There are 2 protein chains.
Amino acid sequence: MQTIKIKNPVYLLNGFSMVGPLEGEGPLKDYFDYILKDDTLKEKTFEKSERRLLLDIINGAIEKSGLTKSDIEFFFGGDLLNQIVSSSFTARELSLPFIGMYSACATMAEALALSAIFIDNGLASNVIAGTCTHFSSAERQYRFPLELGNQRPPTAQWTITGGGASVISKLPSNVRISAVTFGKVIDYGIDDVNNMGAAMAPAASDTICTHLTNMKAKSNDYDFIATGDLGKLGSEILIDLMEQRDIILGKNYADCGCMMFNKTQRVFMGGSGAGCSASVLNSYILHKLNAGEFKRVLLVSTGALMSTTTAQQGDTIPGIAHAVELEYVGKDSKSNSNNKQRSKSNKLKENKHSKRKS
Amino acid sequence: MQTIKIKNPVYLLNGFSMVGPLEGEGPLKDYFDYILKDDTLKEKTFEKSERRLLLDIINGAIEKSGLTKSDIEFFFGGDLLNQIVSSSFTARELSLPFIGMYSACATMAEALALSAIFIDNGLASNVIAGTCTHFSSAERQYRFPLELGNQRPPTAQWTITGGGASVISKLPSNVRISAVTFGKVIDYGIDDVNNMGAAMAPAASDTICTHLTNMKAKSNDYDFIATGDLGKLGSEILIDLMEQRDIILGKNYADCGCMMFNKTQRVFMGGSGAGCSASVLNSYILHKLNAGEFKRVLLVSTGALMSTTTAQQGDTIPGIAHAVELEYVGKDSKSNSNNKQRSKSNKLKENKHSKRKS
């Protein structure tokens, strides 16, 4: 089935987020673990900055989880650069078995989903899932060199500098991954690379409907439904598409791209990039889940699967969306009492990690 | 653990291979399912030809397995083009949940490994794993437009036009996937993009040693060990590296890149590309396994994880290798008697599929 229920307790043990200076001035600034003052990270090229950013994020997540690198068994990751070089070069530094993936800005959800499956089926005890993007490397690969000073059309989104990583583990935490849905590739014929929200909205709609149907759930069963980065226009299209299927996305719905910036920041439709949903999940959403303010969350990262070559050859833009369902299973939660694997030994380990930021 | 043993019977139900005219003149010509006369596949660009090739290969594998597309639950794939567009656009046509991945020319083994894990753990009954490459699209993306007529250095390899796909299933066949190893990213400091075999050999060595150690096996326990596409020089380096670890790769070792072409074809070090190990597995190797001539095979696809940008910025080339162990479990095989899941109902299904080429 397209939706896979995670049978055993699989936890998001902890997450780490890091963003650039512009993102650090946005509405989520108090939730990020680290805000860069210098987005070059003292590297000579933006591509090298991007991979340094990812390495720092992953090391941050491992440290914050109270683990060491030797506790981590696999690295699941990918990114937007050609041949996912940020992730591959980061994997070289980490020296962990590397499962490289690509689904554009839906990469974080794909990585989380495969991570949860590995833990659920006893293939590993702790793994790391992470991704990031850098505005300046993405601009020059996908659009124009920054030096050209090109104007941006009003439907454009802003690839964020930032990212996030999550340690997925059988060690208990407040947050459990309970189900995942791998999306189909959907294409409604949008061919404007400056309007990717519109291209991705049909895939988001398809994945959310599939997930709700398979989980026998309604949209208001979730405290929070977050799409990856449809931006302002794309999320309005999603709301319309869902209404056509009689599903109302109300106040419990937001888009990570829209959440990233405030109205005075001139980023048009909002943030985008694989790092967008990765950083929002591992900051704001994880904080609210850990605090029990969100009990049930659906993260739906969305990706536009074109390349500059397909755009130049007149192809339309296929979209994809993968979904990950997260639940609060903290000490006050009823669902926690069902958690038979919380043995004494695990509780001892929990105490050991109690220093970590909740 | 880096090596994952597949506990339940997971079968390579059937595979399909398709190659271009040059590859179809090589030593394996009698094993391929289809040899193209026209490598444009009547498409207007080489990129569109590549994705048409992949779609035809996947449809071929499904049909040869005696299944229909509605029996397939997930598509695991990736390719060498930027943003894996061949696979993404193929996934759009297939309308299957898509798990996109990238590990350069190691993609086939990564796809097979994740496919086997999904079937082993009951997440699906039938999935498809496939990839392909096209010489002409790879040349102009990674090196130079063909129109320039550039000379090739003697250590260069030839990205093949071709690929393969395998249906991985719980339905029984003669060939079982019994273990997989996900590789680490290894970099010995090679920075010559025209010598990728040398860049990938250390990763192949690391993955083979890890797999043998974890399986408590020796190299001569395997009837056939095939590396992805190290080419002539790379496979000589691998043999040396293995000797340093007291492991002899003898007559049971060959490289898919070397197997693809004969000496009179001017391809220097041999074939390469994600489609190389994919097409050799789904033709020659699968034929020998199905016939029981190979009882135990280790496929080690190897990938060079650079991009043109990293090469231009002076980075060295990180390599990766993933391994998949395949076993003959045909009717005469002893290991087949251990196969408890071969129920009556499966045998009925087997009869239904008996038309498929063994």
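The helix and strand inventory of chain A stands at 10 helices and 14 strands. Computed over its C-alpha atoms, the radius of gyration of chain A comes to 19 Å, within 12% of the 21 Å expected for a compact globule of 358 residues. Seen along its three principal axes, the alpha-carbon backbone of chain A occupies a region of about 60 × 50 × 35 Å. Relative to its 358 residues, chain A shows a buried fraction of 61%. Look at the contacts in chain A between residues 6 or more apart in sequence, and 80% of them connect residues 24 or more apart.

On to the packing of helix 1 (residues 46-64) of chain A against helix 2 (residues 85-94) of chain A, then. All names here are of chain A. Following both chains from N to C, one finds helix 1 and helix 2 inclined at 50°, their axes separated by 9 Å at the closest point. One finds that helix 1 runs oblique with respect to helix 2. In the crossing of helix 1 with helix 2, the sense of the turn from one axis to the other is right-handed. Residues Glu 50, Arg 51, Leu 54, Leu 55 and Ile 58 of helix 1 form the contact with helix 2, whose participating residues are Ser 86, Ser 87, Phe 89, Thr 90, Glu 93 and Leu 94. Grouping the constituent residues of the contact of helix 1 with helix 2 by class yields five nonpolar, three polar and three charged.

Let us now look at the interface of chain B and chain A. For interface size, the figure often reported is the accessible area lost on association. Residue-level contacts link 42 residues of chain B with 42 residues of chain A. Within the residue set of the side of chain B that touches chain A, elements represented by two or more residues are helix 2 (85-94), strand 5 (98-100), helix 3 (107-120) and helix 9 (308-312) of chain B. In terms of residues, the side of chain B that touches chain A owes the most to one element, helix 2 of chain B, which gives five residues. Here the side of chain B that touches chain A is composed, by residue class, of 22 nonpolar, 15 polar and five charged.

Moving on to the relation of the copies chain B and chain A. There are two copies of the chain, and a rotation about an axis plus a shift along that axis relates them. If you rotate chain B by 180° and push it 0.0 Å along the axis, it lands on chain A with an RMSD of 0.0 Å. What the rotation and shift describe, once combined, is the action of a two-fold rotation axis. For chain B, the minimum C-alpha distance to the rotation axis belongs to Met 101 of chain B and amounts to 1.9 Å. In this assembly the copies share their binding face: 100% of the residues contributing to the interface of chain B also contribute to that of chain A.

Grouped together as the largest cluster of nonpolar side chains are 238 residues, with contacts concentrated most on Ile 168 and Leu 299 of chain A together with Ile 168 and Leu 299 of chain B. Not counting residues up to four positions away in its chain, the partners in contact with Leu 299 of chain A are Ala 109, Ala 226, Ser 277, Leu 281, Ile 285, Ala 323, Val 324 and Leu 326 of chain A.

Unlike most non-glycine residues, Leu 41 of chain A shows phi in positive territory, near 50°. As for its placement among the helices and strands, Leu 41 of chain A is situated in the loop between strand 3 (34-35) and helix 1. The class for Leu 41 of chain A is partly exposed, based on 19 C-beta atoms found within 10 Å. Even without being glycine, Gln 83 of chain B reaches a positive phi, approximately 60°. Inspection of the secondary structure puts Gln 83 of chain B in the loop between strand 4 (74-77) and helix 2. Judged by the 28 C-beta atoms lying within 10 Å of it, Gln 83 of chain B falls in the buried class.

This brings us to the packing of helix 3 of chain B against helix 8 (residues 274-290) of chain B. Residue and element names in this part refer to chain B. For the pair helix 3 and helix 8, interaxial distance at closest approach is 7 Å and the crossing angle is 60°. Judged by the inter-axis angle, helix 3 sits oblique to helix 8. Between helix 3, through Thr 107, Met 108 and Ala 109, and helix 8, the contact on the second element is made entirely by Ala 274, Ser 277, Ala 278 and Leu 281. Among the residues forming the contact of helix 3 with helix 8, the class breakdown is five nonpolar, two polar and no charged.

This part takes up the environment of Cys 105 of chain A. Residues and elements named next belong to chain A. Mapped onto the elements, Cys 105 comes out in the loop between strand 5 (98-100) and helix 3 (107-120). Looking at Cys 105, the number of C-beta atoms within 10 Å reads 35, which means it is buried. In sequence terms Cys 105 and Cys 276 are 171 residues apart; their C-alpha atoms lie 7.7 Å from each other. Apart from the residues lying within four places of it in its own chain, the contact partners of Cys 105 are Gly 228, Asp 229, Ser 272, Gly 273, Ala 274, Cys 276, Ser 277, Ser 301, Thr 302, Gly 303 and Ala 304.

Attention shifts here to the pairing of strand 14 (residues 319-328) of chain A. Residues and elements named next belong to chain A. Burial runs high along strand 14: 10 of the 10 residues are buried. Across the two faces of strand 14 the burial is the same, with Gly 319, Ala 321, Ala 323, Glu 325 and Glu 327 and Ile 320, His 322, Val 324, Leu 326 and Tyr 328 all buried. Pairing geometry for strand 9 (residues 175-181) and strand 14, over six bridges, is antiparallel. Its bridge partner lying in strand 14, Thr 181 is registered against Ala 323. Inspection of the sheet shows strand 13 (residues 296-304) paired to strand 14 by nine bridges, in the antiparallel sense. Across the sheet, the residue bridging to Gly 303 is Ile 320, located in strand 14.

Where the model shows low pLDDT, its predicted coordinates should not be examined in detail. Residue and element names in this part refer to chain A. Overall, the predicted model of chain A reaches an average pLDDT of 92, with 92% of residues at or above 70. Confidence drops under a pLDDT of 50 for residues 332-358, and excluding neighbours within four residues, the segment shows 30 contacts in the predicted structure. As scored by the predictor, the complex reaches a pTM of 0.93 and an ipTM of 0.92.

Here the focus is the environment of Leu 249 of chain A. Residues and elements named next belong to chain A. Here Leu 249 shows up in the loop between helix 6 (231-244) and strand 11 (253-255). Taking the number of C-beta atoms within 10 Å as the measure of exposure, Leu 249 has 21 and is therefore buried. Here the alpha-carbon distance between Leu 249 and Phe 224, two residues 25 residues apart in the chain, equals 9.9 Å. Excluding its chain neighbours within four sequence positions, the residues that come into contact with Leu 249 are Ser 219, Ile 225, Leu 238, Ile 239 and Met 242.

All names here are of chain A. Following the sequence through the fold, Tyr 34 ends up in strand 3. Considered as a pair, Tyr 34 and Leu 80 are 46 residues apart in the sequence and their alpha carbons are 22 Å apart. Among residues more than four places away in sequence, those in contact with Tyr 34 are Met 18 and Gly 60.

Moving on to helix 1 of chain A. Residue and element names in this part refer to chain A. Taking 1.5 Å as the rise per residue, helix 1 with 19 residues should run 27 Å; its terminal C-alpha atoms sit 26 Å apart, in good agreement. Most of helix 1 is tucked away: 16 of the 19 residues are buried. Positioned one or two residues after helix 1, Gly 66 has a phi angle of 75°, which is positive.

It is worth spelling out helix 2 of chain B at this point. For helix 2 of chain B, the tally of buried residues reaches nine of 10 residues, placing the bulk of the element in the interior. In the segment just after helix 2 of chain B, Ser 95 of chain B is the residue with positive phi, at about 55°.

Conventions and cut-offs
- Residues numbered from 1 in each chain as written.
- Chains lettered and ligands numbered in written order.
- Predicted model: local features only at pLDDT ≥ 70, side-chain atom pairs only at ≥ 80, totals over all residues.
- Helix = DSSP H or I, 4+ residues; strand = E, 2+ residues; numbered from the N terminus.
- Rg over C-alpha atoms; globule rule 2.2 N^0.38 Å.
- Buried ≥ 20, exposed ≤ 12 C-beta atoms within 10 Å, placed from the backbone.
- Contact = placed C-beta atoms within 7 Å.
- Axes fitted to C-alpha atoms, helices over the stretch in contact; angles between N-to-C directions.
- Parallel < 35°, antiparallel > 145°, perpendicular 65-115°, else oblique.
- Left-handed = near helix turned anticlockwise from the far one by under 90°.
- Nonpolar A, V, L, I, M, F, W, Y, C, P; charged D, E, K, R; others polar.
- Least-squares fit on C-alpha atoms with pLDDT ≥ 70 in both.
- Core = buried A, V, L, I, M, F, W, Y, C linked by C-beta atoms within 7 Å.
- Pairing = 2+ DSSP bridges.
- pLDDT = per-residue confidence, 0-100.
- Expected span 1.5 Å × (residues − 1).

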